[in-house]
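Residue strings, one per chain:
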Amino acid sequence: MKKVIALSAVLVMGALGMACGDSAANNTANKSVSNAMNSVANAANAAANAAQTAANTMANVANTVTNSANAMANKPATNAPAANAPANANVKKP
């Protein structure tokens, strides 16, 4: 967040500098500031895209885990006894 505030301050100062001068030296400086601002904006966009990609990846992982959990919950147990089997069905009778 501190970087965003600092970069915004640089952009504001550059915009003020471009608005307050008309000499050739100022025009050259304004172009340099404008190029620097464009570079900063591009870097901010790249960071935002990286954050969005990370968020999408985490969401995909969460969905995969949820789907796997649902599949396991809905799958019948393979070794479950029959529901109507008596509790002592396998006990030897005397």
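These remarks concern the structure in this document. (Residues numbered from 1 in each chain as written. Predicted model: local features only at pLDDT ≥ 70, side-chain atom pairs only at ≥ 80, totals over all residues. Heavy atoms only, no water.)

**A look at the environment of Leu 7**
The residue Leu 7 is located in helix α1 (residues 2-19) in this model. By relative accessible area, which is 35% here, Leu 7 ends up partly exposed. (Helix = DSSP H or I, 4+ residues; strand = E, 2+ residues; numbered from the N terminus. Buried < 20%, exposed > 50% of the residue type's maximum accessible area, 1.4 Å probe, protein only.)

**Considerations on a nonpolar patch on the surface**
Together, Val 12, Met 13 and Leu 16 line one region of the surface with nonpolar side chains, adding up to about 300 Å² of accessible area. Relative to the assigned elements, Val 12 resides in helix α1. Given the relative accessible area of 47%, Val 12 is considered partly exposed. (Patch = residues over 30% accessible without salt bridge, like charges linked within 9 Å, V, L, I, M, F, W, Y side chains within 5 Å. Areas by Shrake-Rupley, 256 points an atom, 1.4 Å probe, with all protein chains shown as cover. Salt bridge = Lys/Arg side-chain N within 4 Å of Asp/Glu carboxyl O.)

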